[in-house]
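Residue-level structure breakdown
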Amino acid sequence: MPVNLRGRSFLTLKDFTSEEIRYLLDLSRDLKAKKRAGIKGELLHRKNIVLIFDKASTRTRCAFETAAWDEGGNATFLTNSQMGKKESVEDTAKVLGRMYDGIQYRGFSQQLVEDLAKHSGVPVWNGLTDMDHPTQILADLLTIEEEVHKPLGKVKMVYCGDARNNMGNALMIGSAKMGLHFVALAPKELWPNEALTAEMRKVAEGTGGRIEFFSIDKVDEALKGADVLYTDVWVSMGEEAKFEERIKQLRAYSVTMDFLKKTGNPDAIFLHCLPAFHDTETEVGKDIEKKYGLRNMEVEDAVFRSRHSKVFDEAENRLHTIKAVMVATIGDL
């Protein structure tokens, strides 16, 4: 049967079947080709969306705004609302649902984005929470298909670093749904939540996927045959006091050219959701170098700037996949 996602919220890929995710990826590819051909879109004509940000953003905000405008929609960037201060999430959701066709939320609480969806009456899209980052995973999957040239079910992806954060969770979910071989290379105390892991392993049984965890003592086994090396920052937003702790835990897990060699795959690609601490050209980077003597953290500059790195293709794909989510859920298809 044809896939119809109209009116659906996009809170986590756990809510979507493999066929529905495939539909979104195919739609993303079509919309990307349309934009590159310079074809003006009207699939979101007269649609109004509101973007609520409790966490800073570059790619998520720009992707949602540009995607809406590309297809004739309008976007309101909202950072100074009364939500949670003088007005409840429920009341705010009911107000915004009467004014807008869709709501994006980027912040801390997964429960908050679920409450917005429960009470607003319109589709709500998760731009990032502490638990999940589903729009990022769509961009990652599209990039892997474009750059690895294998069916997703034949791809081995190794995530290096803090695997119990939102990216570790979200990549495991997306991999299980689409049948990838997902490996987390991380200290045991930073492996994903056991309940989520058990749930995703059950999903993977039905899709042909595989989920494995390794610590640094088995780095060769973890990296062997990988098509994709992925990492994220060691300290998530809101955890800035933990830099010293994370550096001690994760210094050995930094993605290096040696890691790429250990894959045995000359065509392995490197992905990162960005921003990345690969040099000292940021305030944080300079501070880390001064305090700890590190010129990079989760990925070395040589990898980030190498031919293996597809991070900016990945960043562009945030636009096309987010556009697909909005078009599929509120657009005039």
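Everything below is about the structure printed above this text.
So, here is what we can say about the structure in this document. Just so we're clear, the structure is a prediction, and the values are computed from it rather than from any experiment. (Residues numbered from 1 in each chain as written. Predicted model: local features only at pLDDT ≥ 70, side-chain atom pairs only at ≥ 80, totals over all residues. Heavy atoms only, no water.)

Bringing the environment of threonine 143 into the picture now. Assignment of secondary structure puts threonine 143 in helix α5 (residues 134-148). Sequence separation between threonine 143 and leucine 116 is 27 residues, and the spatial gap between their C-alpha atoms is 30 Å. The residues contacting threonine 143, other than those within four sequence positions of it, are Leu271, Lys310, Asp313, Glu314 and Asn317. (Helix = DSSP H or I, 4+ residues; strand = E, 2+ residues; numbered from the N terminus. Contact = heavy atoms within 4.5 Å.)

The way to describe two aromatic rings as a pair is by their centre distance and the angle between their planes. Applying the stated criterion across every chain, the model contains six aromatic pairs. Geometrically, the ring pair formed by phenylalanine 64 and tryptophan 125 is stacked, given 5.9 Å between the ring centres and 25° between the ring planes. In this pair, phenylalanine 64 is assigned in helix α2 (residues 59-70) and tryptophan 125 in strand β4 (residues 124-128), connecting sequence segments 61 residues apart. Take phenylalanine 64 and tryptophan 125: they sit in the same class, and that class is buried. Judged by centre distance (5.3 Å) and plane angle (45°), the rings of tryptophan 191 and phenylalanine 213 are tilted. In this pair, tryptophan 191 is assigned in the loop between β6 (181-185) and α7 (194-207) and phenylalanine 213 in strand β7 (residues 210-214), connecting sequence segments 22 residues apart. The positively charged end of arginine 8 is found above the aromatic ring belonging to phenylalanine 16, 4.4 Å away from the centroid. Against the face of phenylalanine 77 rests arginine 61, its NZ or CZ located 3.5 Å from the ring centre. (Phe/Tyr/Trp six-rings, centres within 6.5 Å; stacked < 30°, edge-to-face > 60°. Buried < 20%, exposed > 50% of the residue type's maximum accessible area, 1.4 Å probe, protein only. Lys NZ or Arg CZ within 6 Å of the ring centre and 35° of its normal.)

Tracing the backbone shows alanine 117 in helix α4 (residues 110-120). In sequence terms alanine 117 and histidine 149 are 32 residues apart; their C-alpha atoms lie 36 Å from each other.

So, about the side chain of lysine 177. Turning to its location among the elements, lysine 177 is positioned in helix α6 (residues 166-178). The side chain of lysine 177 sits in the buried core without any salt bridge; glutamate 20 is the nearest counter-charge, 7.3 Å away. (Lys, Arg positive; Asp, Glu negative; His and termini not counted. Salt bridge = Lys/Arg side-chain N within 4 Å of Asp/Glu carboxyl O.)

Time to look at the side chain of arginine 246. Looking at the secondary structure, you find arginine 246 in helix α9 (residues 243-250). Among the polar contacts listed, one links the side chain of arginine 246 to the backbone oxygen of tryptophan 234, at a separation of 3.4 Å. (Polar contact = N/O pair within 3.5 Å; in protein donor to acceptor, adjacent residues only side chain to side chain.)

The biggest cluster of nonpolar side chains holds 60 residues, and the ones touching the most others in it are Ile49, Ile144, Phe182 and Met326. The biggest single contributor to this core is helix α13 (residues 311-330), with eight residues. If you look at the next biggest cluster of nonpolar residues, it comprises 34 residues, including Leu185, Val219, Leu260 and Ala276. (Core = buried A, V, L, I, M, F, W, Y, C linked by side-chain atoms within 4.5 Å.)

For the rest of this paragraph, the subject is the pairing of β7. The two faces of the sheet receive side chains in turn, since in a regular strand these alternate between them. Of all five residues in β7, four are buried; the element is thus mostly enclosed. Pairing of β6 with β7, which is carried by five bridges, proceeds in the parallel orientation. Looking at β7, one finds that phenylalanine 182 is bridged to isoleucine 211. The β-α-β motif built from β6, the intervening α7 and the parallel element β7 has right-handed crossover chirality. (Pairing = 2+ DSSP bridges. Right-handed = clockwise from strand over helix to strand, strands pointing away.)

Across a sheet, paired strands are connected by hydrogen bonds in the backbone, their directions being either parallel or antiparallel. Reading across the sheet, the five strands line up as β7-β6-β5-β8-β9 and stay open at both edges, with parallel pairing between neighbours. Looking along the sheet, the strands with just one partner apiece sit at the ends: β7 and β9 (269-272). Taken over all neighbouring pairs, the strand axes of this sheet differ in orientation by 20° on average, direction set aside. Direction of pairing for strand β5 (residues 156-160) relative to β6: parallel, over a ladder of five bridges. When the sheet's bridge partners are listed, tyrosine 159 is paired in β6 with alanine 184. The sheet strands contacting α13 are β8 (228-231) and β9, and the helix crosses β9 at an angle near 50°. (Axes fitted to C-alpha atoms, helices over the stretch in contact; angles between N-to-C directions.)

Burial analysis of strand β3 (residues 102-106) places five of its five residues in the buried class, which makes it a mostly covered element. Of the two faces of β3, the one carrying Gly102, Gln104 and Arg106 and the one carrying Ile103 and Tyr105 are both buried. Two elements, strand β1 (residues 48-53) and β3, share five bridges in a ladder whose sense is parallel. Residue pairing across strands places isoleucine 52 opposite tyrosine 105, the latter belonging to β3. In the classification by handedness, the crossover that spans β3, the intervening α4 and the parallel β4 is right-handed.

Strand order in the open sheet formed by four strands is β2-β1-β3-β4, and the pairing between neighbours is parallel. Since the sheet does not close on itself, it has two edges, and those belong to β2 (74-78) and β4, each with one partner. Looking at each pair of strands side by side, their axes are set apart by 20° on average, direction ignored. Sheet topology note: the β3/β4 ladder contains four bridges and is parallel. Paired with arginine 106 across the bridge in β4 is leucine 128. Strands β1, β3 and β4 of the sheet are contacted by α4, whose axis makes an angle of about 165° with β4. Packing against the sheet, α13 makes contact with β1 and β4, and its axis sits at approximately 165° to β4.

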